[in-house]
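# Analysis of the macromolecular model
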Amino acid sequence: KRGASAGAEAAGKSTSIARAELRDAMLATPDAKHGEDLYAPCGACHGVDGRGVPDGSVPAIAGQHYAVIARQLVDFRHGARWDIQMEHASRMQHLASGQDIADVAIFVASLPRGFAAGKGDGQDLGVGAAAYFERCERCHGPLGQGNAERAIPRLAGQHYGYLYRQFFDAVENRRPGLNRVHLDLMAPLDRTQITGISDYLSRTQVELTRDRP
């Protein structure tokens, strides 16, 4: 009982720290120039231009909504999302505060996304588009533009392999920070639908989503 109580207390403390850190980041006045300096170590994996890797082993992050980048960094730092490389990177001393998170997030959000993503084979596009419009469009938008104000990720033009993997990370609880709605929508999908949704989003034109919230 003592162990369970101590674990619950530690989890509660971590959640409180995460909330405070995210609040500080969202209240900060971001400095893109400082963010560019802070981004330098991130470029080793994500690329200096934030394009990631076409096979999806590393996602494209250029042009992602500012609030989404900030939230994901906090989630990785505090166990609400699991990835050994990102957990390490997000805890590096150069991201020491909410201000630092804000700065690197605004720099990443400013990077252009005029490049082609890694795509699937196109065989399941029809099935995928239908499933996307049924289950995902209401929040992520018809082109996967997301919503900056609500911190809903822009999925448009993301690498196929990365998108595909996220479905399994979600249902296998490697993204415990996702709300229950996501899991309820994702869990019933079969592999063809997942393949098709990932392929559809990898082919949407990011340029058509840039000026939308």
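Read on for a plain summary of the structure.

The rules behind the values
Along every chain, residues carry numbers that run from 1 in the direction the sequence is written. For a predicted model such as this one, the threshold for reporting local features is a pLDDT of at least 70, and the threshold for listing and counting side-chain atom pairs is 80 or more; totals across whole chains, interfaces and linings nevertheless cover every residue. For side-chain calculations, the full set of non-hydrogen atoms in the structure is used, while hydrogens and water are omitted. Take a side-chain nitrogen of Lys or Arg and a carboxyl oxygen of Asp or Glu: if they are within 4 Å of each other, that pair is a salt bridge. Each residue is assigned to one of three classes by its accessible area relative to the maximum for its type, calculated with a 1.4 Å probe on protein chains only: buried under 20%, partly exposed between the two thresholds, exposed over 50%. By definition, any uninterrupted DSSP run of H or I lasting at least four residues is a helix, any uninterrupted run of E lasting at least two residues is a strand, and each is numbered from the N terminus. We call two residues in contact whenever any of their non-hydrogen atoms come within 4.5 Å of each other.

## A look at the pattern of salt bridges
Inspection of the entire model under this criterion finds 9 salt bridges. The salt bridge partner of R23 is D24, with a shortest N-O separation of 3.8 Å. What makes R23 partly exposed here is its relative accessible area of 48%. One salt bridge in this structure joins D75 and R71, with 3.1 Å as the shortest N-O distance. Taken together, the residues span about one helical turn, with D75 and R71 both in helix 4 (residues 66-77) at a distance of 4 residues.

## Some points on the environment of R51
Relative to the helices and strands, R51 resides in the loop between helix 3 (43-46) and helix 4. Residues R51 and R113 lie 62 residues apart in sequence; the distance between their C-alpha atoms is 7.6 Å. Excluding residues within four positions of it along the chain, R51 makes contact with H46, P59, A60, F115 and H159.

## Examining the environment of V171
Along the polypeptide, V171 turns up in helix 9 (residues 160-171). What makes V171 partly exposed here is its relative accessible area of 43%. Residues V171 and I61, spaced 110 residues apart in sequence, show a C-alpha to C-alpha distance of 22 Å. In this view, V171 contacts L183, M186 and A187; residues no more than four positions away in its chain are not counted.

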